[in-house]
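Per-entry structural report
Given next are the chains, with one letter for each unit.
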Amino acid sequence: WGSEGCCCRPGYVGVWWGCLGCLDRVVRGLPVGVGSNLFVRDGGVKGVVIRLGRGFNGISFDGQTVTAGAAALDAHVARKAASEGLDLTFLRTIPGTIGGAVRMNAGCYGRYMADVLQTVTVVLRDGTVVEMPAADLAMAYRSSTLSVGAVIVGGTLLAPTGDADAWDGRMVDQLKKGEEHPTT
């Protein structure tokens, strides 16, 4: 990550703050997902790169509510939701994680995170864990107003219900469409 940076890979919130809590408050923390939309300049990163560990990739269901950790892959959330009869199919072709999808209001096929996001859980630089309603993020095209120092650790989504086989078929069609129209 460069000569002035280091990487912290916490498995849960307590470790995260054990890693950053001892650093001066002016040291910047840069959360990264799987690096699918990340460019690092030749000089590296000044500060601490935060790569959330497996303790942040859980996915659970309660009716139409999907709770996903920030490190959960978008495509994995889409597939698991479909198997539960829930429609988050737009996430299937978005590379990256739920944390990044929330931060930038990711979307595809006419649907965006703002359409399904209910709450987001963040850790602030001072160690405070806060659950925020999605409305507080003022999500717009590829953006949100979440503060720079806040690290997303999870969120809840409200997904429409339907037929699991239909959702699987939709995702197969989306993947085929991507193969027919490559971006590079």
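Presented here is a report on the structure given in the accompanying data block. (Residues numbered from 1 in each chain as written. Predicted model: local features only at pLDDT ≥ 70, side-chain atom pairs only at ≥ 80, totals over all residues. Heavy atoms only, no water.)

**Digging into helix α2 (residues 74–83)**
- Looking at α2, one finds that the buried residues are D74, A75, V77, A78, A81 and A82. Mapping the buried residues of α2 onto a view down its axis gives an arc of 160°, with all of them on the same face.
- Phi turns positive, to about 80°, at G85, one or two residues after α2. (Buried < 20%, exposed > 50% of the residue type's maximum accessible area, 1.4 Å probe, protein only. Helix = DSSP H or I, 4+ residues; strand = E, 2+ residues; numbered from the N terminus. Arc of directions from axis to C-beta.)

**Things to note about the environment of V26**
- Within the fold, V26 resides in the loop between α1 (13–20) and β2 (29–32).
- Here the alpha-carbon distance between V26 and G47, two residues 21 residues apart in the chain, equals 9.0 Å.

**Considerations on the layout of surface pockets**
- A volume near 1100 Å³ is recorded for the largest pocket.
- The wall of the largest pocket is formed by 41 residues, among which P31, V32, G33, N37 and L38 lie closest to the centre.
- Those elements giving two or more residues to the lining of the largest pocket turn out to be β2, β3 (47–51), α3 (98–103) and β10 (151–158).
- By residue class, the composition of the lining of the largest pocket is 21 nonpolar, 13 polar and seven charged. (1 Å grid on protein atoms, 1.4 Å probe; cavity = no way out; pocket = protein on both sides within 12 Å on 5 of 7 lines; lining within 4 Å. Points joined across faces, edges and corners; volume = space filled by probe spheres on them. Nonpolar A, V, L, I, M, F, W, Y, C, P; charged D, E, K, R; others polar.)

**Things to note about the pattern of salt bridges**
- What the rule picks out here adds up to two salt bridges.
- One salt bridge connects R170 with D87, and the closest N-O pair in it is separated by 2.8 Å. Of this pair, R170 sits in helix α5 (residues 164–180) while D87 sits in the loop between α2 and α3, and the two are 83 residues apart along the sequence.
- D87 gets classed as buried once you look at its relative accessible area, which sits at 5%.
- Through salt bridges with shared partners, a single ionic network connects D87, R111 and R170. (Salt bridge = Lys/Arg side-chain N within 4 Å of Asp/Glu carboxyl O.)

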